[in-house]
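Topology and contacts: notes
Each chain, letter by letter, is given below.
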Amino acid sequence: MRGLAGATISFVVIVSGYVASSFTHSHRTLLVSTSHTRHRSVVDDGDAVHQLDIDIDGTDSTGGMGPEMGRRGGSIHPNLRPLSDRRSMLISTSAMALALTLSSASIAAEPFEELSLGDAKWNDAADAVSQSSSIPLSARIVPPSFATYLARFLLHFDEGAGKWWQRQADSFSLLASNEARKRESKSFSSYASSIQKGLYSYVAGENESNISSYSKVRRQYSSLFTSLVEKYGNKEGAVRDIGLLFAMLPAVYQPTEQLLKLDEGIMNRTGSNKGSKLDNFTPNFQEDFTLLLPNKYQIQYNDIENSYTITPKINLFEIAINEEPGVTAISTTFGPLSSKPLSRERTLSLDIYALLGISGGFGCALTHTLVIPLDVVKTRMQTNPGEYNGVLNGAATIAREEGIGALLLGFQATLVGYLWYGISVYPSYAFFKRFIASSLMSPAFAVAHANDVALVAGALASVIASLGLTPLEACRIRAVAQPEVYRDAGLLGTSKIIASENDQLGWKALYAGLPSLMIRQVIFGSVKFLAFERASDAIFSLYPELRDATVTALGVSLVAGGISGALSSVVSQPADSVLTYVAKRSGGNLGFFDGFNEMVREEGVGSLFNGLGSRCVWAGCIIAGQFLLYDIFRAAFGIAGEDLNQVLEIVLPDK
């Protein structure tokens, strides 16, 4: 499956490089012309693409052609310089390098090994067995201290649990020490919760039939005691720790008969655990979750109560805490115990990717369809500078002179274009984010560079989305700028006309705006997803109760989407301004970096952020709408939030 995925990505990236490099080479000296007054010609000198505004993902660029280019329509520009091969070479080489990297990566994600004590299974969170709400986490039937000490015992003596914990520790090795300790504590807390829930299901019995009977609960603990001795009793020091473990139970639940049969010599043996060789707790006992009770602690039988206690006496404290916003936990002598079991992201199947695509497609198509009139006015203002006095005047003039239907020009291209954009960009982001982290990086590197992974995934997703959106945007712009020619032709007819304008280019003429579009979108798209996720996390951390209701959770999506759109606009604004400047330059022979230097020199650094305020508002509204609708459809399809997670469930065999 990973080989297939790698091959698929390789193919997509190679095609991307081919398309970008091949059409730029063909366009070095060609001017596509038309005799109509409303349409502005397209010039591509390979480095400066003179194209009308292509508004992707809410960006409000003004990369239209200047009026001087309309006067040149219908001729081959005599002064165009040949494009340097550097960019074509870079695109092709990068595509091939990435393709080879992806196709060769085949690192398989290892599952949680099965415990020797029972079966550890990753089950979908939606299908996970939930305990009765009438039984609190701190129920005496499974004391929190018993659960956390058993969790430590298994990390030390169970090979599968030990390997899993070592991988967890390794994955945090590149983080700052404080952050690494925090994440280890959280992992242990959730892992202990999975053990506690498994113990409760085992001890309580089917339908919790045992909880009203001391003898039935004690019988289950006796079976657990026997299983632990059978599986781990041959390991040095394990029997002593098993005895200490069961001495933490209330007297009515202790398997006293089995404890009395233990050999005193075996009970006094210390283990190989570094904590057991010392007489006192080590300073890092609450940080190193593989440490067990020090050597001086033993169990002592009480004839009067017919039960065992730990000597010297130990304070088994259990204090309710907030492990993180919205998640309660219990702090014990042996570590935290979360209210939530260990979880991880599930592997997404093709049907889930399809549903993500449908959700994104509907979200983007609906959002952009609602603003078609604004797009029509904005495009006309770019193709006919000075003709309208603002957006409202432009809308009124177009409706009065051409009819109200003119405000919906390019409807087909907009609907299909943004349907494609949503279908491609959202599942692509989900795929690349998981694939890069699990197959191209070590766990430690992926954890330490989670933000970088999100940025790269967003950029790759934007590349794929741009490949399909570019020709559709070219058709939309023609339909809006020159309705008398393209209104009746429809989407397919318009695309055929553009492709037939020059025999040398053919269909590549539809991709005249790809270089500038892709630069904008790689910057904008890479920031968009990361900003949305971090903004959502920040809001939920401040107000965790917003997760509890669908309406409030969707409200967070709306606000985080607005923040994401605005921040993405700020980050991508300089590049967008330079591309607009380059696209409007007479002669069309200015490269991106040369254009940047010239723009700053002539107009100052502030010119890089012209129009930033209106662009932030526009993009914020568009992206907020996209993420809101995306999450609404995801919730309707049952693929939102916890639906895409798995939880660790431990099943202990009943003897």
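Residues numbered from 1 in each chain as written. Predicted model: local features only at pLDDT ≥ 70, side-chain atom pairs only at ≥ 80, totals over all residues. Heavy atoms only, no water.

Observations concerning the overall build of the protein
Within the protein, the regular secondary structure consists of 22 helices and 11 strands. Counting the 655 residues in the protein, one finds 53% classified as buried. Taking all contacts inside the protein whose residues are at least 6 apart in sequence as the whole, residues at least 24 apart take part in 75%. (Helix = DSSP H or I, 4+ residues; strand = E, 2+ residues; numbered from the N terminus. Buried < 20%, exposed > 50% of the residue type's maximum accessible area, 1.4 Å probe, protein only. Contact = heavy atoms within 4.5 Å.)

Section: the sheet that holds strand E4 (residues 119-124)
Pairing is antiparallel across the open sheet formed by 3 strands, whose spatial order is E4-E11-E10. For this open sheet the edge positions go to E4 and strand E10 (343-345), each flanked by a neighbour on one side alone. Ignoring which end each strand starts from, the neighbouring axes of this sheet average 35° apart. Across 6 bridges, the pairing between E4 and strand E11 (residues 645-651) is antiparallel. Across the sheet, Asp119 pairs through a bridge with Val651, a residue of E11. (Pairing = 2+ DSSP bridges. Axes fitted to C-alpha atoms, helices over the stretch in contact; angles between N-to-C directions.)

Quick notes on the pattern of salt bridges
Note on pairing: side chains with opposite charge can pair once their charged atoms come close. Inspection of every chain in the model, using the stated rule, returns 11 salt bridges. A salt bridge links Arg346 to Asp124; its shortest N-O distance comes to 3.7 Å. With Arg346 in the loop between E10 and helix H11 (350-370) and Asp124 in strand E4, this pair connects stretches of sequence that are 222 residues apart. Put simply, Lys433 and Glu533 hold a salt bridge, and the shortest N to O gap is 3.1 Å. Remark: Glu533 occurs in helix H19 (residues 514-542) and Lys433 occurs in helix H14 (residues 411-440); sequence separation between them is 100 residues. Taking the relative accessible area as the measure of exposure, Lys433 reaches 24% and is therefore partly exposed. One connected set of salt bridges, linked through shared partners, spans Lys433, Glu533, Arg534 and Asp537. (Salt bridge = Lys/Arg side-chain N within 4 Å of Asp/Glu carboxyl O.)

Observations regarding the sheet that holds strand E9 (residues 335-338)
What the 3 strands build is an open sheet, ordered E7-E8-E9; its pairing is antiparallel. Pairing within the sheet leaves two strands with one partner each, and these edge strands are strand E7 (318-324) and E9. Neighbour to neighbour, the strand axes of the sheet diverge by 35° on average, direction disregarded. Sheet topology places strand E8 (residues 327-332) next to E9; 4 bridges connect them, and they run antiparallel. Looking at the pairing, Ser331 lines up with Pro336 of E9. Against the sheet, helix H4 (residues 144-157) touches E7, E8 and E9, its axis set at about 110° to E9. This element, helix H6 (residues 177-204), spans E7 and E9 of the sheet and lies at about 60° to E9.

What about the nonpolar core?
Core analysis: the largest hydrophobic core is formed by 61 residues, its most contacted members being Leu154, Tyr191, Tyr221, Leu224, Leu228 and Phe246. Within the residue set of this core, elements represented by two or more residues are E4, H4, helix H5 (159-171), H6, helix H7 (214-232), helix H8 (238-246), strand E6 (307-311) and E11. In terms of nonpolar packing, the next biggest core, distinct from the first, is built from 38 residues, Tyr418, Leu469, Tyr630 and Ile639 among them. (Core = buried A, V, L, I, M, F, W, Y, C linked by side-chain atoms within 4.5 Å.)

Considerations on a nonpolar patch on the surface
On the surface, Ile358, Phe362, Leu366 and Phe637 cluster together into a nonpolar patch covering about 330 Å² of accessible area. Among the elements that make up the nonpolar patch, the one with the highest residue count is H11 (3 residues). Within the secondary structure layout, Phe362 lies in helix H11. A relative accessible area of 38% places Phe362 in the partly exposed class. (Patch = residues over 30% accessible without salt bridge, like charges linked within 9 Å, V, L, I, M, F, W, Y side chains within 5 Å. Areas by Shrake-Rupley, 256 points an atom, 1.4 Å probe, with all protein chains shown as cover.)

Examining the environment of Asp654
By secondary structure assignment, the location of Asp654 is in the segment after E11. The spatial distance from the C-alpha of Asp654 to the C-alpha of Gly205 is 9.1 Å, given a sequence separation of 449 residues. Setting aside residues up to four positions removed in sequence, Asp654 forms contacts with Tyr202 and Gln220.

Some details on the packing of H5 against H6
Helices that pack against each other are described as a pair by the angle of their axes relative to one another and the distance between those axes. Their axes nearest at 10 Å, the elements H5 and H6 cross at an angle of 150°. It follows that H5 is roughly antiparallel to H6 by the angle criterion. The two elements H5 and H6 cross, and the hand of that crossing is right-handed. Taken together, the residues of H6 that come into contact with H5 (itself represented by Ala161, Trp164, Trp165, Gln168 and Ala169) are Glu184, Ser187, Phe188 and Tyr191. Each residue belonging to the contact of H5 with H6 can be placed in one class, and the counts come to 6 nonpolar, 2 polar and 1 charged. (Parallel < 35°, antiparallel > 145°, perpendicular 65-115°, else oblique. Left-handed = near helix turned anticlockwise from the far one by under 90°. Nonpolar A, V, L, I, M, F, W, Y, C, P; charged D, E, K, R; others polar.)

Some details on helix H16 (residues 450-481)
For H16, which comprises 32 residues, the first-to-last C-alpha distance of 43 Å matches the rise-based estimate of 46 Å (1.5 Å per residue) to within 8%. Along its length, H16 shows its largest kink, about 35°, at Leu469, and proline Pro471 lies within four residues downstream of that point. (Expected span 1.5 Å × (residues − 1). Bend = angle between axes of the 7 residues up to and from the residue.)

Examining the packing of H4 against H8
One can describe the packing of H4 onto H8 by two numbers: an axis separation of 10 Å at closest approach and a directional angle of 170°. The pairing of H4 with H8 is recorded here as roughly antiparallel in orientation. Where H4 crosses over H8, the two elements pack in a sense that is left-handed. Facing Phe146, Tyr149, Leu150, Phe153 and Phe157 of H4, the residues of H8 in contact are Ala238, Asp241, Ile242, Leu244, Leu245 and Phe246. Among the residues making up the contact of H4 with H8, the classes are represented as 10 nonpolar, no polar and 1 charged.

What is shown is where atoms sit, not what they do.
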